[in-house]
Amino acid sequence: MRRSVLKLTAMMMAFMMTAGMVTGCGVSGAEKASDAGAAGSSAAGSETAETAAAEAGKDKYVIGFSQTGTETEWVTAMSAEIIDSFKESQQFELLFSESQAIQENQIKAVRSYIQQGVDLIVLRPTVTTGWDSVLMEASEAGIPVILAGRRVEMATGDVEDYSLCYVGPDNVRAGEYLVEAMEQCCETLEAPVNIVVLEGTVGASAATERNTGILNAIGKQDKLVVYGSQSAEWTRTKGKEVM
């Protein structure tokens, strides 16, 4: 059973690589994630996802993917590439849903996947908290869950006990890198240089972690000063309104 789960994770990661989700990203989740990460590297190299599926012993796997929404061009393009990656597959069926950035819609979608008995669920969570019940339900049904792009925190229990792994970027480092890039852009300007931070969705781990990275890096220099910060919900339209 464990080998089959890891194989399935490897296959999903191979598809996510095809869709550009894993490039420059990391996998975490204790021993489970370590094994899954090794399997994913294998799938991207000497094994194709289709070959891995055959070796895992099933004719067809059903994957349920719960996307946040269509809030940015990047997310829309990522969703399109994920869907395209599965179109030609004979051994994988993709059930795809987007939630319009509403957590309740995602929870309903995940519960629907559980009821349909999918083989694997990929969740790109809108916000960090509020997933305890549905993750526990997936665990009780024996369906592994991969967290993609954003992390989850549970009020009860350890999230690593209810998800197979996290696949996504180091958002804290991304925030630090942003400040480093701004420092280079502002080399010819006199201090202080006031900046405004347009944050992502309130409660999303990616927004929180990137802001942590920004503040970490800001505190290590004395030229850039955060004049203000406010959520722009990842969208250009909202960003213009805030500015």
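Preceding this paragraph is the structure being described.
Let me sum up the structure you'll find in this document.

Reading the values: rules and limits
In this numbering scheme, every chain counts its residues from 1 along its sequence in written order. Reporting in this predicted model follows two pLDDT cut-offs: at least 70 for local features of residues, and 80 or more for side-chain atom pairs to be given and counted; totals over whole chains, interfaces and linings ignore these cut-offs and use all residues. Hydrogen atoms and water are omitted, and side-chain values are computed over all heavy atoms in the structure. Residues belong to a common nonpolar core when they are buried Ala, Val, Leu, Ile, Met, Phe, Trp, Tyr or Cys residues joined through side-chain atoms within 4.5 Å. Each residue is placed in one exposure class: buried if its accessible area under a 1.4 Å probe, protein chains only, is under 20% of its type's maximum, exposed if it is over 50%, and partly exposed if it falls in between. Helix numbers and strand numbers start at the N terminus; a helix is a DSSP run of H or I with at least 4 residues, a strand a run of E with at least 2. Here a residue-residue contact requires only that any non-hydrogen atoms of the pair lie within 4.5 Å. Note on aromatic pairs: the rings of Phe, Tyr and Trp (six-membered ring only in Trp) are paired at centre separations within 6.5 Å, and the planes decide the class, stacked below 30 degrees, edge-to-face beyond 60, tilted for the rest. DSSP bridges decide pairing: two strands pair if at least two such bridges lie between them. Each reported salt bridge corresponds to a side-chain nitrogen of Lys or Arg within 4 Å of a carboxyl oxygen of Asp or Glu.

Section: the nonpolar core
Grouped together as the largest cluster of nonpolar side chains are 21 residues, with contacts concentrated most on Ile114, Val118, Ile121, Trp131, Val145, Leu147 and Val152. The set of elements that each furnish at least two residues to this core consists of α5 (103-116), β4 (120-123), α6 (132-140) and β5 (145-148). It is α5 that provides the largest number of residues to this core, a total of 4 residues. Not counting residues within four places of it along the chain, the set of residues in contact with Val118 comprises Val62, Gly64, Leu95, Tyr113 and Ile143. Among the nonpolar cores identified, the runner-up in size contains 14 residues, and Met78, Phe86, Ile146 and Val167 belong to it.

So, unusual backbone geometry
Note the cis peptide between Ala191 and Pro192, where omega equals -5°. In the Ramachandran plot, Gln100 falls in the positive-phi region, its phi being about 60° despite a non-glycine side chain. Mapped onto the secondary structure, Gln100 falls in the loop between β3 (92-98) and α5. For Ala101, which is not glycine, the phi torsion reads 60° and is therefore positive. Its location among the elements puts Ala101 in the loop between β3 and α5.

Details of the packing of aromatic side chains
Scanning the model with the defined rule gives 3 aromatic pairs in all. Both rings, one in Phe65 and one in Phe96, keep their centres 5.6 Å apart while their planes meet at 20°; by these two values the pair is stacked. Of the two residues, Phe65 is situated in strand β2 (residues 61-67) and Phe96 in strand β3; the sequence distance between them amounts to 31 residues. According to the relative accessible area criterion, Phe65 is buried, its value standing at 0%.

Concerning the pairing of β4
Neither face of β4 is left uncovered, since the one carrying Leu120 and Val122 and the one carrying Ile121 and Leu123 both have all their residues buried. Pairing between β2 and β4: 4 bridges, direction parallel. Within the sheet, the bridge partner assigned to Ser66 lies in β4 and is Leu123. Two strands pair when backbone bridges link them, and β4 and β5 are joined in this way by 3 bridges, in the parallel orientation. Across the sheet, the residue bridging to Leu123 is Leu147, located in β5.

With respect to the pattern of salt bridges
Tallying each qualifying case throughout the model produces 6 salt bridges. The residue Asp84 makes a salt bridge to Lys87 at a minimum N-O spacing of 3.2 Å. Residue Asp84 and its partner Lys87 are both found in helix α4 (residues 73-87); the two are separated by 3 residues, about one turn of the helix. Here Asp84 falls in the partly exposed class, since its relative accessible area comes to 42%. For the salt bridge of Arg151 with Glu209, the shortest nitrogen-to-oxygen distance reads 3.6 Å. Of this pair, Arg151 sits in the loop between β5 and β6 (165-168) while Glu209 sits in helix α8 (residues 205-218), and the two are 58 residues apart along the sequence. Overall, Arg151 belongs to the partly exposed group, its relative accessible area being 32%. A relative accessible area of 16% places Glu209 in the buried class. Within the structure, one salt-bridge network assembled from shared partners comprises Arg173, Glu176 and Glu180.

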